[in-house]
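Listed here are the chains, written in short residue letters.
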Amino acid sequence: MEIVIVESSTDIGPLVATMVVGLLERRPGAVLGLAGGDSPVPVYESLIAAHRRGEVSFADASAVTLDEYVGLPPGHPRSYRQVIIDDFVSHVDLPVASLHTPDVHAADLDAACAEFEAHIVRLGGVDLQLLGIGANGHIGFNEPGSSLASRTRIATLHPRTRADNARFFASADEVPYHVVTQGVGTVLDARHAVLIASGGHKREAVAAMVEGPVTAFVPASALQLHPHATVVIDAASAADLRLSEYYRFAHEHRPHRRQY
Ligand code: GLP
C-alpha cells in the first residue's frame, strides 16, 4: 500500500489523473474501473481537461463500474451508471458502448452479477480501479461484514450509508435499500487499486483501512493485501494516521521515475 498525502484536496484530481493518463499511454486499450460518489469527481474533471488539451484518448479503452443502486428506473439521474456518463463519459471519447455495468434491472440479479464478473474476465481484467471509502470503511458498497473474498453480488446498505448518500436524492426515503457491488475479492483482482479520500469525516475510516487489522469489519482494509494499491488522501483525511510523517517522507523519497 502506497500512501500519498497531498496538502490540499485540490491536488488529488490532477495526481490521480496522471496515473490514468500514464496507464493509457502504456496501454491505450486499458480497462478502467470507474466509481460513483464525490471522491472521483476531481479525477474525472482533470481527465476531461487533459482530453480537451489532446493529452489523452479513451477511444480504445473500456470501463466497468464499481457499484450500482437496485430499484431506480433505467437512466435515473442518480444511478451511478448515469452519473458516470454525465460526469465523465459524455465529456471524453470513451464510447458509451464501452462502459460496462451490471444489469441491475434483470429479473435474475444473481445471474446478472455472475455475467458482470464473466464480462470483466472477457475484457482481460481491470487495469486501474478507482475507489472511494465510506465513513464506515466500505469500498464499493461492501459494507462492514462483507467477505474479503466476496464477488459481485446484491447487498443491503447500512442505514448510515443510506443517510450519507441521501444528499444525492430529493429525500432520504428515495435512497434504495439494495445495491449491486463488485465484491471485495473482485476489487482485489484489479491490477492497480487507487483509493481517494478527502475531508476530516473520512479520517477514522482511513486510519482503520491503513493502520488497523485486515478485517471484514473494515472492508477497505483488504487493500493491505493488494500488491499494488495507492491511497491518495488529503491532510484532513490523514489526520488520524500514526505514521503520516513516514508516509510523507517515503513519498518525497520515492524511487526516481517509478510509476504509480
Ligand atoms: C458510496 C459509494 C462508494 C463511494 C463511497 C464514498 O456509498 N458506494 O463507491 O466510494 O460511498 O462516497 P463519496 O466519495 O461520495 O464520499
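Keep in mind that what you see is a predicted model, and the values were worked out from it rather than measured.

Re helix 1 (residues 12–26)
Then, number 1: Here helix 1 is 15 residues long and its end C-alpha atoms lie 22 Å apart, about the 21 Å a rise of 1.5 Å per residue gives.
Then, number 2: Counting buried positions along helix 1 yields 11 of 15 residues, so the element is predominantly enclosed.
Then, number 3: Looking at helix 1, one finds that the buried residues are Ile-12, Gly-13, Leu-15, Val-16, Ala-17, Met-19, Val-20, Val-21, Gly-22, Leu-23 and Leu-24.
Then, number 4: Residues of helix 1 that are buried in the fold lie against strand 1 (2–6), strand 2 (31–34), helix 2 (41–52), strand 6 (128–131), strand 9 (192–197) and strand 10 (229–234).

As for helix 7 (residues 203–211)
Then, number 1: Where helix 7 is concerned, the buried positions are Ala-205, Val-206, Ala-207, Met-209, Val-210 and Glu-211.
Then, number 2: Summarising the contacts, the buried residues of helix 7 are in contact with strand 1, strand 9, strand 10 and helix 8 (244–252).

Topic: the sheet that holds strand 9
Then, number 1: Strand order in this open sheet of 7 strands is 1-10-9-6-2-3-5, and the pairing throughout is parallel. Looking at the sheet topology across the chains shown, the edges are occupied by strand 1 and strand 5 (99–100).
Then, number 2: Both strand 9 and strand 10 contribute to a ladder of 5 bridges, which runs parallel. When the sheet's bridge partners are listed, Ala-193 is paired in strand 10 with Ala-229.
Then, number 3: Relative to the sheet, helix 1 contacts strand 1, strand 2, strand 6, strand 9 and strand 10, its axis offset from that of strand 10 by approximately 155 degrees.

Observations regarding the site of the ligand
Then, number 1: In the vicinity of the ligand lie 15 residues, with Asp-38, Ser-39, Asp-67, Arg-167 and Lys-202 positioned nearest.
Then, number 2: In this structure, Gly-132 approaches the ligand through a main-chain N or O atom, which is 3.4 Å from an oxygen atom.
Then, number 3: A distance of 2.7 Å is found between an oxygen atom of the ligand and a side-chain nitrogen or oxygen belonging to Lys-202.
Then, number 4: In this structure the site holding the ligand corresponds to the largest pocket.
Then, number 5: Across the shell around the ligand, the residue classes tally to 4 nonpolar, 7 polar and 4 charged.

Considerations on the packing of aromatic side chains
Then, number 1: This model, assessed by the stated rule, comprises 7 aromatic pairs.
Then, number 2: Relative to Phe-88, the ring of Tyr-44 lies with its centre 5.0 Å away and its plane at 25 degrees, an arrangement referred to as stacked. Of this pair, Tyr-44 sits in helix 2 while Phe-88 sits in the loop between helix 3 (80–87) and strand 5, and the two are 44 residues apart along the sequence. Considered together, Tyr-44 and Phe-88 belong to a single accessibility category, that of buried residues.
Then, number 3: Summarising the aromatic geometry, the rings of Tyr-69 and Phe-141 are spaced 5.5 Å apart at their centres and angled 50 degrees between planes, so their arrangement reads as tilted. Of this pair, Tyr-69 sits in strand 4 (residues 67–70) while Phe-141 sits in the loop between strand 6 and strand 7 (153–156); the two residues are 72 residues apart in sequence, bridging distant segments of the chain. Both residues of the pair, Tyr-69 and Phe-141, belong to the buried class.
Then, number 4: Above the plane of the ring of Tyr-260 lies Arg-254, whose end atom (NZ or CZ) is 3.9 Å from the centre.

So, the side chain of Ser-244
Then, number 1: If you trace the backbone, Ser-244 turns up in helix 8.
Then, number 2: Accessibility expressed as a relative area gives 13% for Ser-244, which makes it buried.
Then, number 3: The contacts of Ser-244, once residues within four sequence positions are left out, are Ile-5 and Ala-238.

Rules and cut-offs
Residues numbered from 1 in each chain as written. Predicted model: local features only at pLDDT ≥ 70, side-chain atom pairs only at ≥ 80, totals over all residues. Heavy atoms only, no water. Helix = DSSP H or I, 4+ residues; strand = E, 2+ residues; numbered from the N terminus. Expected span 1.5 Å × (residues − 1). Buried < 20%, exposed > 50% of the residue type's maximum accessible area, 1.4 Å probe, protein only. Contact = heavy atoms within 4.5 Å. Pairing = 2+ DSSP bridges. Axes fitted to C-alpha atoms, helices over the stretch in contact; angles between N-to-C directions. Near = heavy atom within 4 Å. Polar contact = N/O pair within 3.5 Å; in protein donor to acceptor, adjacent residues only side chain to side chain. 1 Å grid on protein atoms, 1.4 Å probe; cavity = no way out; pocket = protein on both sides within 12 Å on 5 of 7 lines; lining within 4 Å. Sits in = over half its atoms within 2 Å of the grid points. Nonpolar A, V, L, I, M, F, W, Y, C, P; charged D, E, K, R; others polar. Phe/Tyr/Trp six-rings, centres within 6.5 Å; stacked < 30°, edge-to-face > 60°. Lys NZ or Arg CZ within 6 Å of the ring centre and 35° of its normal.

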